[in-house]
Amino acid sequence: MTALAAGAVFIGAGLQSATGFGFALVSAPLLFAVLGPKPAVSAAIVLGLEVNLLTLASERRVPAVLHGEAARLVAWAVPGLAVG
C-alpha cells in the first residue's frame with residue numbers, strides 16, 4: 001500500500017510540474033485510502049508545498065507581476081463582490 005501511495009505522489013508531482021495543477025487531484029484520493037483522513041490531508045499539504053517550491057526553484061526566472069491586468073481584475077471583481 002505504501003508503494004501505491006508513493007506512486008500516486010510521483011505521478012501527481014509529474015503532472016503538477018508539467019501542467020501547473022493536478023497534484024492533489026491525483027495523489028489525494030489514494031493517500032486518503034492508504035493513510036486515512038488526517039494523515040492524508042497533512043501529507044498532501046506538505047508534499048504539495050514541496051512540489052510547488054521545487055517547481056519554482058527549478059524555473060530559474062523571476063515571476064513578473066502584471067500590475068495593470070491585476071488592477072483591472074480587482075476593479076471588475078468589486079461590483080461582483082457587492083452583488084454576491
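From a predicted model like this one, the values you see are computed outputs, not experimental measurements.

Notes on the side chain of serine 27
Step number 1: Tracing the chain through its elements places serine 27 in helix α2 (residues 23-35).
Step number 2: In this structure the side chain of serine 27 is engaged in a polar contact, spanning 2.7 Å, whose partner is the backbone oxygen of phenylalanine 23.
Step number 3: When neighbours within four sequence positions are excluded, serine 27 is seen to be in contact with Ala8 and Val9.

What about helix α3 (residues 37-59)?
Step number 1: Relative to the 33 Å expected for 23 residues at 1.5 Å per residue, α3 spans 33 Å between its end C-alpha atoms, a close match to the ideal helical length.
Step number 2: Buried residues of α3: Ala40, Ala43, Ala44, Gly48 and Val51, and no others.
Step number 3: Residues of α3 that are buried make contact with α1 (2-19) and α2.
Step number 4: Following α3 by one or two positions, arginine 60 has its phi on the positive side, about 55°.

Cut-offs used in this document
- Here the residue index of a chain counts from 1 through its sequence in written order.
- Only residues with pLDDT of at least 70 are given local features in this predicted model, and only at 80 or more are side-chain atom pairs given and counted; all residues enter the totals for whole chains, interfaces and linings.
- Note that the side-chain values use all heavy atoms of the structure and ignore hydrogens as well as water.
- A run of H or I in DSSP becomes a helix once it reaches four residues, and a run of E becomes a strand once it reaches two; helices and strands are each numbered from the N terminus.
- Between N or O atoms, a polar contact is any pair within 3.5 Å; within protein, one atom must be a potential hydrogen donor and the other a potential acceptor, and residues adjacent in sequence are included only when both atoms are from side chains.
- For this analysis, residues touch if any pair of their heavy atoms sits within 4.5 Å.
- The span you would expect from a helix comes to 1.5 Å times its residue count less one.
- Any residue under 20% of the maximum accessible area for its type is buried, any over 50% is exposed, and the rest in between are partly exposed; the area is computed with a 1.4 Å probe on protein chains only.

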